[in-house]
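# Structural overview
One letter stands for each residue in the lines below.
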Amino acid sequence: MSEKLAFQADVSKMLDIVINSLYSEKQIFLRELISNASDACDKLKYLALSNPEITKAGGAFKIKVIPNAKDNTLTVADNGIGMNRDDLILHLGTIAKSGTAEFVKNVKDNGSAFDLIGQFGVGFYSAFMVADKVEILTKKAGEEKAWKWVSNGVDGFEITEAKKELNGTEIKLFLKEDAKDYTDTIYLRHIIRTYSDHIDYPIVLDLGEAGEETVNSGSALWMRHKSEITEDQYKEFYRHISKNFDEPWMTLHFKAEGNIEYTGLVYIPSEAPYDLFQPDKKNGLKLYVNKVFISDKVEELMPNYLRFVRGVVDSADLPLNISREMLQHNLLIEKIKHGLISRILKELKKRTKDYEDYMKFWKNFGIVFKEGIYEDFNNREEIASLSYFASTHDLDKLTTLDEYIERADKEQKTIYYITGDNLAVLANNPQLEAFKNKGIEVLLLVDPIDEFWTQVLVNYKGFAIKNVAQADTDLKWKRNEQKADEGSLKKLVDYMQELFQNEVGKVQVTEKLDKSPASLIVENGQMSLHLERLMRTHQQQTAFASTRILEINPYHPLIIKLADMMQDEALKPQIEEVAKLILDQAKIAEGEAIKDPAFYVEAFSRYILKAI
Ligand code: ADP
Ligand code: MG
């Protein structure tokens, strides 16, 4: 009895793309099928740890590649975990993987699939680049029934109960006319060596009458010596393990010795994954115990701020029968994690020597990496030293805290920063005017995470780290300009305070301003205006409102004038109007909404008209 089922709509779309694509490196389909076969062996090997019976009949794990030139078919067979009916429908009939869904979305958005196949990889479905029919015969380990799945990649697929003696999966490709090459053993050997040499199971090529040949080196890549691994092999292994298709930006392969021994082969991608910010994003490290795959869900192996790292960790010091539950709160795992972090940070340090190169990493992962300043108490200073920030020193180039310190004046013992949502707006924030005048550099922090790490890293190498809004007293310097009369200024401040009592907590005089008459800040220790806006957009909360302070510039002609006008009771209506405009301008400069735009436009236009 056979059942006809339709592909999920997204699968159909993708298959349509795959089949019609002009993607030139069609041979990668073989890497994908071998990679899946290897995963299937890994899964069964793990199950066998607690249930050795399950692999008894199947013999040693291996992956067979069987070309048949006469029938123009190519079969990839494994003795791994296999699939039952539900698996076939779920894994090969729907898009269970968000990565594939992302692929389809990208194609829809960009209209072309050409490079995207290379970029995302389409896993199993890539078989349809070279085959017009695929037949799968599979039996899940530990189950009785076997299944046949057949599809032409267009009209859906058919599932039938079938006969198969041993567990595992055979994937038979009925090759297209123009894909005859894939029955050529010399070509196949070449493809397997190029893309799949690192696979830990023997890949056995069927040579017909000439017998069989194991084509790959057949040992776990990470266990081999560095000198025996080529750059291309490292790269292909990265693609296999990460299921990414870019090049690794960093490859770090090491053996840790000491009270716990382990091997690590970890990578940092050169492109940010689409799901970097998904909250349920797990770390990308696979844990092996003596070459046996244990889990890729050991959250304790990598901190959150390094969640973009991919690779494997293998330690023979962990018990082989360790359960996934036991891995939580495990002391050895904790130690490995610390070791990994410190190696990765060390390697990053080396890479900072080449600014352009480091920026490739930073633009992808800097935002995530900076979470470490907040999160990782032990490595806080180290992580900060590897972080780059925009700065008033040079708007086109990011700077480190150490470079900032080097440039700072001898007397300066503070690193100043300002936070906001947009670099261009921030660079012109009135709060920076006096700093610019004095030639004091200010970091311009525009990422949400900056609001958090600045709360915990209040000191760096002897320098305080301070928001400019809280730096007024540092800036008292001799100014020769005319200043508003003290008495009248006091009256103006009191008056404005009364006038704006529902809008700002306080009005005060500041030394920080130069060109602007006024500026808004928040009370020391309260949430910055930037953070408040962030909270509001993310949680629709207004309950968080920090108390605002309106700072006015006693050297500004407008303030001097207003202070003078305070002497004359009859001018009150006009003072009120101008004061309101000043508050509105301060809000605009900060990127805040103003209370009454209609009033602002009308009054402002009226004053301009007077002047022109
Ligand atoms: P991915 O390997 O990234 O998960 P694929 O499209 O390559 O995506 O494969 C989809 C799924 O199909 C796999 O995750 C696996 O569950 C299943 N699968 C594919 N090939 C095999 C196989 N040889 N043995 C067992 N399961 C397989
Ligand atoms: Mg795959």
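This section reports on the structure supplied with the text.

Calculation criteria
- Residues numbered from 1 in each chain as written.
- Chains lettered and ligands numbered in written order.
- Predicted model: local features only at pLDDT ≥ 70, side-chain atom pairs only at ≥ 80, totals over all residues.
- Heavy atoms only, no water.
- Helix = DSSP H or I, 4+ residues; strand = E, 2+ residues; numbered from the N terminus.
- Polar contact = N/O pair within 3.5 Å; in protein donor to acceptor, adjacent residues only side chain to side chain.
- Phe/Tyr/Trp six-rings, centres within 6.5 Å; stacked < 30°, edge-to-face > 60°.
- Buried < 20%, exposed > 50% of the residue type's maximum accessible area, 1.4 Å probe, protein only.
- Lys NZ or Arg CZ within 6 Å of the ring centre and 35° of its normal.
- Pairing = 2+ DSSP bridges.

### Topic: the side chain of Lys139
Within the fold, Lys139 resides in strand β4 (residues 131-139). A polar side-chain atom of Lys139 sits 3.5 Å from the main-chain carbonyl oxygen of Lys164. In terms of polar contacts, Lys139 uses its side chain to reach the backbone carbonyl oxygen of Glu165, at 2.9 Å.

### Some words on the packing of aromatic side chains
Under the definition given, this model contains 32 aromatic pairs. Ring centres of Phe29 and Tyr182 lie 5.1 Å apart, and the angle between their planes is 90°; this geometry places the pair in the edge-to-face category. Of this pair, Phe29 sits in helix α2 (residues 28-50) while Tyr182 is found in the loop between β7 (168-175) and α6 (185-196), placing the two residues 153 residues apart along the sequence. We note that Phe29, like Tyr182, is buried. Each member of the aromatic cluster is reached from another via a ring pair, and the members are Trp249, Tyr305, Phe308, Tyr355, Tyr358, Phe361, Trp362, Phe365, Phe369 and Tyr388. Taking the ring centre of Phe174 as reference, the NZ or CZ of Lys133 above it sits at 4.5 Å.

### Points about the pairing of strand β22 (residues 548-552)
With 5 of its 5 residues buried, β22 lies for the most part within the structure. Here β22 shows no split at all, with Arg548, Leu550 and Ile552 on one side and Ile549 and Glu551 on the other all buried. Pairing of strand β20 (residues 506-509) with β22 involves 4 bridges; the strand directions are parallel. For Gln508, the partnering residue across the bridge sits in β22 and is Glu551. Relative to β22, strand β21 (residues 518-522) runs antiparallel, the two sharing 5 bridges. Bridge pairing in β22 links Val522 to Arg548.

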